[in-house]
Amino acid sequence: MTEAILLVGGKGTRLRPLTVHTPKPMVPAAGVPFLTHQLARARAAGVEHIVLATSYLAEVFEPHFGDGSALGLRIEYVTEEEPLGTGGAIRNAASRLHSGPDEPVLVFNGDILTGLDIRALVRTHETSGADVSLHLTQVTDPRAYGLVPTDGTGRVLAFLEKPQTPEEIVTDQINAGAYVFRRSVIDTIPAGRVVSVERETFPGLLAAGAHLQGMVDSTYWLDLGTPAAFVRGSADLVLGKAPSPAVPGRCGDRLVLPTARVAPDAKLAGGTVVGEGALVAEGARVFGSTILPGAVIEPGAVVTDSLIGTRARVGERAVLTRTVIGDGAVVGAHNELREGVRVWCDARIPAGAVRFSSDR
């Protein structure tokens, strides 16, 4: 297998305001755009040619990655004028593939951080003779996911919608967002319209008697669809819990990028990232958080499990816990923002305007 399609066209609405100006795969995680980690892992698994299926803010990708040669890849870009869904995006990108009808093509979603053994998934596909092979992962609470039961040999039996009752939870296996397609199967996906592989393509193939194979790989797996998950994923990359050859530095408690400034008495821990040109001032404490390029954390501020956008500013002695601050926003001194708060890009919160606790 030398070819792959990477689906990076989603709008990332659950991640806003992070994705107002930046497509989700380009939001930095552990110091580089998240997409860089996926591309590097694909290359390490032997992939040489990748087609990026773009749509939202499509113009951002090529100026950054170019032809892919810096990563040892050959990258091409295909843009959907109108979003086509996962299946439609795969079909739209297929014109750039060079694989023969029976050769395997890797397809993966642009918002999944995983330790998947990609070579093992390809081996499973080839040895089983499957038409499509799916990476499956096991989760403790599968109620938020579609279920994928398999038989004793790993052959997929059904695709079940999110369970509504305990009786409907027949397995803890879910679709983990990475697939190997027989090249000819991609050509059967309808062209030019919205198609979901999860709701249309896979169930349709199963009903037609196709062989769909599941491979359970329960190494690290995280859907980065929410701000909390994205912050956690970045921290796990820095801490070394999530594998990636693209982390720009040694794994550890912190990652401080070149040109970033951190005061000698500031404390960074928990996989915190401080982006280029950012400043963490005297007495500040930052835990498990991502500070994007050019952001400023003023003296005495405490930032925990949060993401601070590009050129944003957190005021003196402000306390932020599990919050997202958009690009260019300013949180004035002595504010207290707690879990779930999202401050939009370029918004300004005056000093002492928001608190959850007593002012004493």
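Here, the structure is the one placed above.
Residues numbered from 1 in each chain as written. Predicted model: local features only at pLDDT ≥ 70, side-chain atom pairs only at ≥ 80, totals over all residues. Heavy atoms only, no water.

Caption draft 1: Looking closely at the overall build of the protein chain. A tally of helices and strands in the protein chain yields seven helices and 28 strands. On C-alpha atoms alone, the protein chain measures out to a radius of gyration of 22 Å, which is about the 21 Å that the 2.2 N^0.38 rule sets for 360 residues. Seen through its C-alpha atoms, the protein chain measures out along the principal axes to roughly 70 × 50 × 35 Å. Residues classed as buried in the protein chain amount to 56% of the 360 residues present. Here the analysis covers contacts within the protein chain between residues at least 6 apart in sequence; of these, 52% occur between residues at least 24 apart. Separation between the mean location of the 34 positive side-chain charges and that of the 39 negative ones in the protein chain comes to 6 Å. (Helix = DSSP H or I, 4+ residues; strand = E, 2+ residues; numbered from the N terminus. Rg over C-alpha atoms; globule rule 2.2 N^0.38 Å. Buried < 20%, exposed > 50% of the residue type's maximum accessible area, 1.4 Å probe, protein only. Contact = heavy atoms within 4.5 Å. Lys, Arg positive; Asp, Glu negative; His and termini not counted. Charge placed at Lys NZ, Arg CZ, Asp CG, Glu CD.)

Caption draft 2: Main features of the sheet that holds strand E17 (residues 285-287). Within the open sheet, the five strands sit side by side as E14-E17-E20-E23-E26. Their pairing is parallel. Each end of this open sheet is capped by a strand with a single partner; those strands are strand E14 (267-269) and strand E26 (336-337). Where strand E23 (residues 319-321) meets E26, two bridges bridge the pair, whose relative direction is parallel. Paired with Leu 320 across the strands is Leu 337, a residue of E26. (Pairing = 2+ DSSP bridges.)

Caption draft 3: Representation of the nonpolar core in the model. In this structure, Ile 5, Ile 90, Val 132, Phe 181 and Phe 202 are the most contacted members of the largest nonpolar core, which totals 28 residues. Beyond its immediate sequence surroundings of up to four residues, Phe 202 is in contact with Val 132, Leu 134, Phe 159, Asn 175, Tyr 179, Phe 181, Val 197 and Leu 212. Ranked by size, the runner-up nonpolar core spans 26 residues in total, among them Leu 52, Ile 118, Val 180 and Met 215. (Core = buried A, V, L, I, M, F, W, Y, C linked by side-chain atoms within 4.5 Å.)

Caption draft 4: Seen up close, unusual backbone geometry. Between Arg 16 and Pro 17 the backbone carries a cis peptide bond, its omega angle lying at 15°. Within the secondary structure, Pro 17 sits in the loop between strand E1 (3-7) and strand E2 (28-29). Unlike most non-glycine residues, Asp 346 shows phi in positive territory, near 65°. Looking at where Asp 346 falls in the secondary structure, it is placed in the loop between strand E27 (342-343) and strand E28 (348-349). Classification of Asp 346 by relative accessible area gives exposed; the value is 52%.

Caption draft 5: Expanded view of the sheet that holds strand E5 (residues 74-79). Taken in spatial order, the seven strands of this open sheet run E5-E4-E1-E6-E9-E8-E10, and their pairing is mixed. Both outer strands of the open sheet, E5 and strand E10 (212-216), are each paired with one neighbouring strand and no more. Strand-to-strand twist in this sheet, taken as the mean axis angle between neighbours without regard to direction, amounts to 25°. As paired elements, strand E8 (residues 132-138) and E10 share five bridges and run parallel to each other. Counterpart to His 135 in the pairing with E10 is Met 215. On the sheet, helix H1 (residues 34-44) packs against E1, strand E4 (49-54), E5 and strand E6 (104-109) and is oriented at approximately 150° with respect to E4. (Axes fitted to C-alpha atoms, helices over the stretch in contact; angles between N-to-C directions.)

Caption draft 6: Molecular detail of the packing of aromatic side chains. For the structure on display, the rule yields six aromatic pairs. Taken together, a centroid distance of 6.1 Å and an interplanar angle of 65° make the contact between Tyr 145 and Trp 221 edge-to-face. Residue Tyr 145 is found in the loop between E8 and strand E9 (173-182), and its partner Trp 221 is found in strand E11 (residues 221-223); the two are separated by 76 residues along the sequence. Taking relative accessible area as the criterion, Trp 221 reaches 15% and is therefore assigned buried. Of the aromatic side chains, those joined through ring pairs into one cluster are Phe 159, Tyr 179, Phe 181 and Phe 202. (Phe/Tyr/Trp six-rings, centres within 6.5 Å; stacked < 30°, edge-to-face > 60°.)

Caption draft 7: View of the pattern of salt bridges. Inspection of the entire model under this criterion finds 15 salt bridges. A salt bridge links Glu 200 to Arg 193, with the shortest nitrogen-to-oxygen separation between them at 2.6 Å. Residue classification places Glu 200 among the partly exposed residues on the basis of a relative accessible area of 33%. The network of salt bridges with common partners includes Arg 74, Glu 76 and Arg 96. (Salt bridge = Lys/Arg side-chain N within 4 Å of Asp/Glu carboxyl O.)

Caption draft 8: The side chain of Gln 213, seen in detail. Structurally, the position occupied by Gln 213 is in strand E10. A relative accessible area of 7% means that Gln 213 is categorised as buried. Among the polar contacts made by the side chain of Gln 213, one reaches the side chain of His 211 at a distance of 2.8 Å. For Gln 213, the residues in contact, after removing those within four places along its chain, are Thr 124, Ser 128, Ala 130, Val 132, Ser 133, Leu 134, Thr 153, Gly 154, Arg 155 and Val 156. (Polar contact = N/O pair within 3.5 Å; in protein donor to acceptor, adjacent residues only side chain to side chain.)

Caption draft 9: How the structure looks around the environment of Leu 84. Tracing the chain through its elements places Leu 84 in the loop between E5 and helix H3 (85-93). A sequence separation of 257 residues divides Leu 84 from Val 341, and the C-alpha atoms of the two residues are 32 Å apart. With sequence-adjacent residues up to four places away left out, Leu 84 is seen in contact with Ala 89, Asn 92, Gly 192, Arg 193, Val 194 and Val 195.

Caption draft 10: Spatial organisation of the environment of Leu 279. Within the fold, Leu 279 resides in strand E16 (residues 279-280). Taking the relative accessible area as the measure of exposure, Leu 279 reaches 22% and is therefore partly exposed. In sequence terms Leu 279 and Arg 313 are 34 residues apart; their C-alpha atoms lie 9.5 Å from each other. Beyond its immediate sequence surroundings of up to four residues, Leu 279 is in contact with Arg 261, Ala 295, Val 296 and Ile 297.

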